[in-house]
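Take a look at the letters that make up each chain.
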Amino acid sequence: MARPRTYSDEDLLRAAHETILELGDRATLADVGKRAGVSPAALNKRFGTKRELLVQLSRRWVDSVDAQLEQAETSTSDVIERIVAVATCGLGELDRPEQVGAQLSALADDLRDAQLRELLAQGWVKTRLRLEGLLAAAQKDLPRAPHPAQAARILFSLVQGESLYWSLDPQGSLTEEVRGDVRSVLAGWAGH
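Calculation criteria
Residue numbers restart at each chain and count upward from 1, following the sequence in its written direction. Two thresholds apply to this predicted model, a pLDDT of at least 70 for residue-level local features and 80 or more for giving and counting side-chain atom pairs, whereas whole-chain, interface and lining totals are computed over all residues. Hydrogens and waters are ignored; side-chain quantities use all the structure's heavy atoms. When a carboxyl oxygen of Asp or Glu lies within 4 Å of a side-chain nitrogen of Lys or Arg, that pair is called a salt bridge. We count a stretch as a helix when DSSP gives it H or I for four or more residues in a row; a strand needs E for two or more, and each element gets its number in order from the N terminus. Burial status follows relative accessibility: with a 1.4 Å probe on protein chains alone, a residue under 20% of its type maximum counts as buried, one over 50% as exposed, and anything between as partly exposed. Residues belong to a common nonpolar core when they are buried Ala, Val, Leu, Ile, Met, Phe, Trp, Tyr or Cys residues joined through side-chain atoms within 4.5 Å. Contact criterion: two residues are considered in contact whenever any of their non-hydrogen atoms come within 4.5 Å of each other. By this rule, a helix spans an expected 1.5 Å times one less than how many residues it contains. Polar contact is defined as a pair of N or O atoms within 3.5 Å, subject to the rule that within protein one atom must be able to donate a hydrogen and the other to accept it, and that residues adjacent in sequence are counted only when both atoms are side-chain atoms. Classification of ring pairs uses Phe, Tyr and Trp, with its six-membered ring standing for Trp, and accepts pairs whose centres are within 6.5 Å; under 30 degrees between planes counts as stacked, over 60 as edge-to-face, and the remaining range as tilted.

Caption draft 1: Representation of the pattern of salt bridges in the model. Applying the stated criterion to the full structure yields 17 salt bridges. With a closest N to O distance of 3.5 Å, Arg179 and Glu176 form a salt bridge. With Arg179 and Glu176 both in helix α9 (residues 174-190) and three residues apart, the pair spans about one turn of that helix. Overall, Glu176 belongs to the partly exposed group, its relative accessible area being 46%. Three or more residues joined by partner-sharing salt bridges are found here, namely Glu10, Asp11, Arg14 and Arg60.

Caption draft 2: A look at the nonpolar core. Of all hydrophobic cores here, the largest spans 28 residues; its most connected members are Ile83, Leu131, Leu135, Leu142, Leu155, Val182 and Leu186. Among the elements that take part in this core, α9 stands out by supplying six residues, more than any other. Leu131 has contacts with Ile83, Val86, Ala87, Ala152, Leu155 and Phe156, leaving out every residue within four places of it along the chain. Core analysis: the next-biggest nonpolar cluster, separate from the first, contains 22 residues, Ala27, Leu54, Leu57 and Ala106 among them.

Caption draft 3: Just helix α7 (residues 114-137), in detail. Taking 1.5 Å as the rise per residue, α7 with 24 residues should run 34 Å; its terminal C-alpha atoms sit 34 Å apart, in good agreement. Among the structural elements, α4 (50-73), α5 (79-87), α6 (97-112), α8 (148-168) and α9 are those in contact with the buried residues of α7. The opening residue of α7, the one whose side-chain oxygen lies 3.0 Å from the backbone nitrogen of Gln115, is Asp113.

Caption draft 4: Representation of the environment of Glu132. Assignment of secondary structure puts Glu132 in helix α7. Once the C-alpha coordinates of Glu132 and Leu186 are considered, the two residues, 54 residues apart in sequence, prove to be 13 Å apart. Once residues lying within four places of it in the same chain are set aside, the contact partners of Glu132 are Pro148, Ala149 and Ala152.

Caption draft 5: Quick look at the environment of Ala151. With respect to the helices and strands, the residue Ala151 is situated in helix α8. Relative accessible area serves as the criterion here: at 0%, Ala151 is assigned to the buried category. For the pair Ala151 and Leu186, spaced 35 residues apart in sequence, the C-alpha to C-alpha distance is 9.6 Å. Aside from chain neighbours lying at most four places away, what touches Ala151 is Leu135, Pro146 and Trp189.

Caption draft 6: Inspection of the packing of aromatic side chains at higher detail. Tallied over the entire structure, the rule returns one aromatic pair. Seen in terms of ring centroids, Trp124 and Phe156 are 5.2 Å apart; in terms of plane orientation they differ by 65°. Their pairing is edge-to-face. Linking Trp124 in helix α7 with Phe156 in helix α8, this pair joins segments that are 32 residues apart in sequence. Judged by its relative accessible area of 30%, Trp124 is partly exposed.

Interpretation in functional terms is not warranted from these geometric data alone.
Below, the structure is given as structure tokens:
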């Protein structure tokens, strides 16, 4: 008799991530199971509930943020482009309007649940602090920039807000649109 195929938590969380990118908060354990090739009962046995699956998925994301930011930061030696890369880190997988919409609907789940909201905050703080450090190091290149903490909040908010706006009126690539806007702000701070 053939042994049943086993799936790692990482396989299941990857399937959950892809399903949520596609369906947002409408995603069910059955949807995730279908993508992963397992039954909803197997997911329930592994994670308990959809909420627990979301908590594990959020923890996985928080644990990956530092490596993603490091990769973005080291992708170029140009000081300004490092800031652009970190500010827009993670946007690449949201380059289709329906993905941004699905992500925003999943964000509603995060904001309604205290534990998910805390995990979201942890990941966002990592990004903001990385931006703040880069902006502090680039002060001579950006003499008109506000204090690095405020500048980091401005850039972070710009990226999040532009993602929302783009989902309503998608023109071109989200990543390229946002990078262009971040570069415009930085050019103003540089005095160009």
